[in-house]
Amino acid sequence: PPLQLLVPESVAFEPQDNKGKSIPRALFFTDRAGFVRGSRRAARQGGQICEALLRLMKHREAIITLTHSSGTKFERHTLVSGAKAWSDRMYQYTHIPKELEYATFFAGPHVSLPTGEFMLSTPTEGTAYIWHEDKSEADGGIPALGWDQLVGSIHFGSSRTMRIYRKDLSAG
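Computed from a prediction, not measured in an experiment: that's the story for all the values here. (Residues numbered from 1 in each chain as written. Predicted model: local features only at pLDDT ≥ 70, side-chain atom pairs only at ≥ 80, totals over all residues. Heavy atoms only, no water.)

Enquirer: Where do I start with the overall build of the chain in this structure?
Expert: Summing up its helical and strand segments, the chain has one helix and eleven strands in all. Counting contacts in the chain only where the partners sit at least 6 residues apart, residues at least 24 apart contribute 51% of the total. Just so you have it, the chain exposes about 11,200 Å², and 54% of that area is on carbon and sulfur atoms. (Helix = DSSP H or I, 4+ residues; strand = E, 2+ residues; numbered from the N terminus. Contact = heavy atoms within 4.5 Å. Areas by Shrake-Rupley, 256 points an atom, 1.4 Å probe, with all protein chains shown as cover.)

Enquirer: In this structure, what is going on with the packing of aromatic side chains? I would like to understand it.
Expert: Any two aromatic rings considered together are summarised by their centre-to-centre distance and by the angle between their planes. Evaluated as defined, the whole model comprises eight aromatic pairs. On the numbers, 5.9 Å between centres and 55° between planes, the contact of F74 with F118 is tilted. You can see F74 sitting in the loop between β4 (65-68) and β5 (75-78) and its partner F118 sitting in strand β8 (residues 118-121), a full 44 residues away along the chain. What makes F118 partly exposed here is its relative accessible area of 43%. Here the aromatic rings of W86 and F156 are separated by 5.0 Å at their centres, their planes lie at 85°, and the arrangement is edge-to-face. With a gap of 70 residues between them, W86 in the loop between β5 and β6 (93-94) and F156 in strand β10 (residues 148-156) connect regions that are remote in the sequence. On the accessibility criterion, W86 (10% relative accessible area) is buried. Taken together through their ring pairs, the aromatic side chains of W86, Y91, Y93, F105, W131 and F156 make up a single cluster. (Phe/Tyr/Trp six-rings, centres within 6.5 Å; stacked < 30°, edge-to-face > 60°. Buried < 20%, exposed > 50% of the residue type's maximum accessible area, 1.4 Å probe, protein only.)

Enquirer: Would you take a moment to explain the pattern of salt bridges for this structure?
Expert: Two side chains carrying opposite charge are able to pair once their charged atoms lie near each other. Inspection of every chain in the model, using the stated rule, returns five salt bridges. Between R166 and E99 there is a salt bridge whose closest N-O contact spans 3.4 Å. Taken together, the positions of R166 in strand β11 (residues 160-169) and E99 in the loop between β6 and β7 (104-107) put the pair 67 residues apart, joining distant regions of the chain. When its relative accessible area of 24% is taken as the criterion, R166 is described as partly exposed. (Salt bridge = Lys/Arg side-chain N within 4 Å of Asp/Glu carboxyl O.)

Enquirer: Help me out: how do you make sense of the side chain of H132 in this one?
Expert: The topology assignment puts H132 in strand β9 (residues 126-133). Within the structure, H132 has its side chain in polar contact with the side chain of Y165 (distance 3.4 Å). Excluding anything up to four places from it in sequence, H132 contacts A138, D139, I142, T161, M162, R163 and Y165. (Polar contact = N/O pair within 3.5 Å; in protein donor to acceptor, adjacent residues only side chain to side chain.)

Enquirer: Hey, could you run me through the nonpolar core in this one?
Expert: One recurring pattern in soluble globular proteins is that nonpolar side chains are buried together. By size, the foremost hydrophobic cluster in this structure holds 15 residues, and its most contacted members are L79, Y93, L100, F105, W131, I154 and M162. Contributions of two or more residues to this core are made by β7, β10 and β11. The element that contributes the greatest number of residues to this core is β10, accounting for three residues. Sequence-distant contacts of W131, that is, excluding residues within four places in its chain, are made with L79, Y93, L100, F105, I154, M162, R163 and I164. (Core = buried A, V, L, I, M, F, W, Y, C linked by side-chain atoms within 4.5 Å.)

Enquirer: Please clarify how the sheet that holds β11 should be interpreted in this entry.
Expert: Sheets are built from strands paired through backbone hydrogen bonds, the pairs being either parallel or antiparallel. The sheet built from four strands is open, its strands ordered β6-β10-β11-β9 with antiparallel pairing. Of all the strands in the sheet, the pair left with one neighbour each is β6 and β9. As judged from the six bridges shared by β10 and β11, these two strands associate in the antiparallel manner. Note on β11: the bridge partner recorded for Q149 is Y165. (Pairing = 2+ DSSP bridges.)

Keep in mind that these numbers describe shape and distance, not what the molecule does.
Here is the structure:
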């Protein structure tokens, strides 16, 4: 698998030792989306903090949802090269732009999605991305809804590409 860059995000400290110094207990790492992806702690330390943060991370990821007014279900995946592109096809994504690597994405049906509205719900503000096959008739009016097109693209199949758009969103 590709190397995942993790950012040291926070350090938990023990109370001060007998010399008046705080002792680092654990260092937590996040990915570029802010999700906790790992931790490091001293071998003799208990795992309560790490376990609590891992539970929190799973809970936070579970409450990010994508729904469609038709009731169509979407599968949650991690965006890496080789990820399944659609729920009803075997195509895989390749050439993932760096800013999207390891993001959570939702795979739905390739062509059988009825007309309707999407609703993305998240407990935190952030950036949402949407992409479609690189054909002008396939854009669904995305540019007119205030989404900014990225320079990069995602590939699938032997050489087909997807246009990518982004939009900053508030929590809710």
